[in-house]
Amino acid sequence: MAYKAPVRDLTFILGEVLEIDKYANQRGFAEVTTELAQQILEEGGKFAEEVIAPLNRVGDKEGCQWNDGVVTGPTGWKEAYQAMVEAGWSGLAADPAYGGQGMPAVVAMAFGQFTAGASAAFSMYPGLTFGAYAGLYANASDAIKDKYLPKMATGEWGGTMNLTEPQCGTDLGMVRTKAVPQADGSYKITGQKIWISAGEHDFTDNIIHTVLARIEGAPAGIKGLSLFVVPKYLVNEDGSLGERNAVRCGGLEHKMGIHGNATCVMDYDGATGWLVGEEGRGMNNMFVVMNEARLGTGLQGLAIGAAAYQEAAIFAKDRLQGRSLTGPKNPDGPADPIIVHPDVRRMLLEAKAFVEGGQAFILWTALQADLEKSEDPATAQKAHDYMGLITPVLKAYLTDKGFHVASLAMQVHGGSGYTEEFMASQYLRDARITMIYEGTNGIQALDLVGRKLPANGGRAIMSWFADIDAFVAEHKGNEATAPFIDGLDKAKATLQEASMWLMQNGMQNPDNAGAASTDYLQIFGLTALAYVWSQMAVAAQKQIAAGSTDPFYANKLMTGRYFVERILPDARAHLKKLQSGAGVLMEMPAEAF
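Cut-offs and rules
- Residues numbered from 1 in each chain as written.
- Predicted model: local features only at pLDDT ≥ 70, side-chain atom pairs only at ≥ 80, totals over all residues.
- Heavy atoms only, no water.
- Helix = DSSP H or I, 4+ residues; strand = E, 2+ residues; numbered from the N terminus.
- Rg over C-alpha atoms; globule rule 2.2 N^0.38 Å.
- Buried < 20%, exposed > 50% of the residue type's maximum accessible area, 1.4 Å probe, protein only.
- Pairing = 2+ DSSP bridges.
- Axes fitted to C-alpha atoms, helices over the stretch in contact; angles between N-to-C directions.
- Parallel < 35°, antiparallel > 145°, perpendicular 65-115°, else oblique.
- Left-handed = near helix turned anticlockwise from the far one by under 90°.
- Contact = heavy atoms within 4.5 Å.
- Nonpolar A, V, L, I, M, F, W, Y, C, P; charged D, E, K, R; others polar.
- Lys, Arg positive; Asp, Glu negative; His and termini not counted.
- Salt bridge = Lys/Arg side-chain N within 4 Å of Asp/Glu carboxyl O.
- Core = buried A, V, L, I, M, F, W, Y, C linked by side-chain atoms within 4.5 Å.
- Disulfide = S-S within 2.5 Å.
- Patch = residues over 30% accessible without salt bridge, like charges linked within 9 Å, V, L, I, M, F, W, Y side chains within 5 Å.
- Areas by Shrake-Rupley, 256 points an atom, 1.4 Å probe, with all protein chains shown as cover.
- Polar contact = N/O pair within 3.5 Å; in protein donor to acceptor, adjacent residues only side chain to side chain.
- Expected span 1.5 Å × (residues − 1).
- Bend = angle between axes of the 7 residues up to and from the residue.

A. Region of the structure containing the overall build of the protein. A tally of regular secondary structure across the protein gives 19 helices and 11 strands. What you see for the protein is a C-alpha radius of gyration of 24 Å, in line with the 25 Å of a compact globule of 593 residues. Over its C-alpha atoms, taken along the principal directions, the protein stretches across nearly 80 × 60 × 60 Å. Residues counted as buried form 57% of the 593 residues belonging to the protein.

B. Geometry of helix H12 (residues 424-432). Counting buried positions over the 9 residues of H12 gives 8, a clear majority of the element. Where H12 is concerned, the buried positions are Ala424, Ser425, Gln426, Tyr427, Leu428, Arg429, Asp430 and Ala431.

C. The arrangement of the pairing of strand S11 (residues 263-276) in detail. Sheet analysis places strand S5 (residues 187-197) next to S11, joined by 9 bridges and oriented antiparallel. Across the sheet, residue Tyr187 finds its bridge partner in S11, namely Gly273. Pairing analysis gives 3 bridges linking strand S7 (residues 225-231) to S11, with the strands arranged antiparallel. Among the inter-strand pairings, Leu227 is bridged to a residue of S11, identified as Val276. Pairing analysis gives 5 bridges linking strand S10 (residues 247-252) to S11, with the strands arranged antiparallel. Residue Arg248 lies in a different strand from S11, and its bridge partner there is Asp267.

D. Structural view of the packing of helix H1 (residues 7-17) against helix H2 (residues 34-52). Taken N-terminus to C-terminus, the directions of H1 and H2 make an angle of 160 degrees; their axes are 10 Å apart at the nearest point. Here H2 runs roughly antiparallel to H1, going by the angle between their axes. In the crossing of H1 with H2, the sense of the turn from one axis to the other is right-handed. Residue-level inspection shows Val7, Leu10, Thr11, Leu14 and Gly15 of H1 in contact with H2, the latter providing Thr34, Ala37, Gln38, Leu41, Glu42 and Gly45. Considered class by class, the residues forming the contact of H1 with H2 number 5 nonpolar, 5 polar and 1 charged.

E. Highlighting the side chain of Asp430. Locating Asp430 in the fold gives a position in helix H12. For Asp430, which is buried and forms no salt bridge, the nearest opposite charge comes from Arg429, at a distance of 4.9 Å. Not counting the four nearest positions on each side in its chain, Asp430 is found in contact with Asn56, Gly257, Ile258 and Ile304.

F. Focus on unusual backbone geometry. The backbone of Ala198 shows a phi angle near 60 degrees, a positive value even though the residue is not glycine. Relative to the helices and strands, Ala198 is located in the loop between S5 and strand S6 (207-215). Exposure remark for Ala198: the relative accessible area of 1% places this residue in the buried category. One non-glycine residue, Ile258, adopts positive backbone phi at about 35 degrees. In this structure, Ile258 sits in the loop between S10 and S11. Classification of Ile258 as buried rests on a relative accessible area of 3%.

G. Fine view of the environment of Ala353. Relative to the assigned elements, Ala353 resides in helix H9 (residues 342-371). Linking Ala353 and Ser186, residues 167 residues apart in sequence, is a C-alpha distance of 52 Å. Other than its neighbours up to four places away in sequence, Ala353 contacts Trp533, Thr559, Tyr562, Phe563 and Ile567.

H. Seen up close, the pattern of salt bridges. For the structure shown, the criterion picks out 27 salt bridges. For Glu19, the salt bridge is made with Lys22, and the minimal N-O distance between the two is 3.5 Å. Between Asp486 and Lys476 there is a salt bridge, with the nearest N and O atoms lying 3.5 Å from each other. Here Asp486, found in helix H15 (residues 482-505), pairs with Lys476, found in the loop between helix H14 (459-475) and H15; they are 10 residues apart in sequence, far enough to count as distant. Assessed through its relative accessible area of 33%, Asp486 is described here as partly exposed. Relative accessible area serves as the criterion here: at 43%, Lys476 is assigned to the partly exposed category. Salt bridges sharing common partners tie together Asp9, Lys352, Glu356 and Lys556.

I. The nonpolar core, seen in detail. Formed by 198 residues in total, the largest nonpolar core has its most connected members in Val106, Leu136, Leu363, Trp464, Tyr520, Phe524 and Phe563. Aside from chain neighbours lying at most four places away, what touches Leu136 is Ile144, Lys145, Tyr148, Leu149, Met152, Ile208, Thr210, Val229 and Val276.

J. Geometry of the state of the cysteines. Scanning all chains against the criterion turns up 0 disulfides. Residue Cys249 stays outside any disulfide, its sulfur separated by 3.8 Å from that of Cys264, the closest cysteine.

K. Focus on the packing of helix H8 (residues 282-318) against helix H10 (residues 377-413). Where H8 meets H10, the axes come as close as 7 Å, and the angle between the chain directions of the two elements is 25 degrees. Our classification of the angle between H8 and H10 gives roughly parallel. Where H8 crosses over H10, the handedness of that crossing is left-handed. Partitioned by chemical class, the residues of the contact of H8 with H10 number 15 nonpolar, 9 polar and 3 charged.

L. How the structure looks around a nonpolar patch on the surface. Taken together, the side chains of Val584, Leu585 and Met586 define a hydrophobic patch exposed on the protein surface, amounting to about 320 Å² of accessible area. Position of Met586 among the secondary structure elements: in helix H19 (residues 583-586).

M. Local environment of the environment of Gln192. Tracing the backbone through its elements, the reader meets Gln192 in strand S5. Distance from Gln192 to Tyr268, taken between C-alpha atoms, is 6.0 Å for residues 76 residues apart in sequence. At 2.8 Å, the side chain of Gln192 and the side chain of Asp267 are in polar contact.

N. Region of interest: the environment of Pro96. Relative to the helices and strands, Pro96 resides in the loop between helix H4 (77-87) and helix H5 (105-118). Beyond its immediate stretch of four places on either side in the chain, Pro96 contacts Gln101 and Gly102.

O. Examining H10 more closely. In a regular helix each residue adds 1.5 Å, so 37 residues correspond to 54 Å; H10 covers 51 Å between its end C-alpha atoms and thus fits that length. The largest bend along H10 measures about 40 degrees and falls at Ile390, with the proline Pro392 one to four residues further on. With 26 of 37 residues buried, H10 lies mostly within the body of the structure.

P. Expanded view of the pairing of strand S4 (residues 178-181). Relative to S5, S4 runs antiparallel, the two being bridged by 4 bridges. Across the sheet, Ala179 pairs through a bridge with Ile189, a residue of S5. In this antiparallel pair of consecutive strands, S4 and S5, the connection spans 5 residues, and Gly185 shows a positive phi of 95 degrees. Bridge analysis of S4 against S6 gives 2 bridges, and the strand direction is parallel. Bridging across to S6, Lys178 finds its partner in Arg214.

Geometry only, nothing functional implied.
Shown next as structure tokens:
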């Protein structure tokens, strides 16, 4: 079953919901009209469907091969990657000063949904490169930028982020990799990093690693870490490649999914590297890379779910089993297609509602990343606040639901989905990692309630609540969209109530905040989707009121109604659980588990 890029859905969001044409005065939008964005997405969709998607199954079956430090990708992947570079897709959002296309993040994130849906494992190679590019672009010296960014921006060179070590994952203060300063200003990097996605492969001539390490003599803990750029091949002054650096892949992980991506053990044996930014500010500088990765992971989880839903919908319309409860719908056949059954429709509509809401949530957030660069200080500050607040929600909520959608898709397939004849198994396996890497979803929830929510006296969430209130007030009188507006209003009130409970109980006992964090994030995610579904409903109803008979708009409203009526009520259940506190979790002695 062929993957189909959701071009129409994303064009609708960009042009009719977010109305990107009205941002022509913002940096990066001057020449990016809705019409141009549609053309980009149409061509990008074809590339994802025709070049990347056919290789998804190949990558799952073959995986990557390691031989004495050399890693080769699955059949056809190197050629597809090089075709992506040659077509300019890798540099869509990179700065034109370094050879990129200079497109807004909101357009690049739309294209990213196509590549991740076509093959999540393949999309990680350009995705990680752009994350490393962003980290160097934000923090490195001009000399480092000039040396590495031009070929990273185009994708000619790969990029990675090296954080995790055998003894530490989340607790990066335990990093042992050391950096010894040299007379020429460089450092010798020694240590081992694990679970490094795209750490070694044969797609590019060079791979530029961004590495967390501790300079010899630096204090223990997070404050002693610095960030370094360590290339696979040293780069000469004229830009040509020099000798091989003392970094190699010591082996590949054997994983549940994303087999086409090389997940490497990286050994640094006195490798030459250069300091990025200030000494001792490695984590601050790495956060740029990590935030890019977290947004990309949320996108990836959602895109896998979208692809799984597509296949399940096709299967449900084709598979004949049983008869409709209200009489045969396929009287000339031996049975009806399973899509006639209410419970199959429940699963498909739940998947469809999450997928379409998630697509809008991602692009709304990407627009904030663009507005963060605004020359208007108030606009930039507000967008910056939103990016901080929303990133952990997007990463955790969309990966939770992306996996849930992949599971629903397998259930729709029944026994066939559990076999390798269909893609349902691969989608479920590929989606599972998104809930774990780039900070587990539990860590995202703790980050939300412990750091992001109280930051600047709660300025970000108060601003977000004010935006929702203004939207509700503007559209309150429209009877056609009343279920969406009322649902959003109630969800926001639930989130406010949960926020107040945290303020009153989390400070008194930090375990209360920890115990509440996941339910709080779920309420936040439901409210965020209620917000974007309300915006989509208003845009769709506007077209219907203007006389459009295009079924796209009516179908959008019906899908949104399912979200409002059958998913959004979960917010109150999460509130009830949140308010039960930490007692039932923390009272049981550890030995009783």
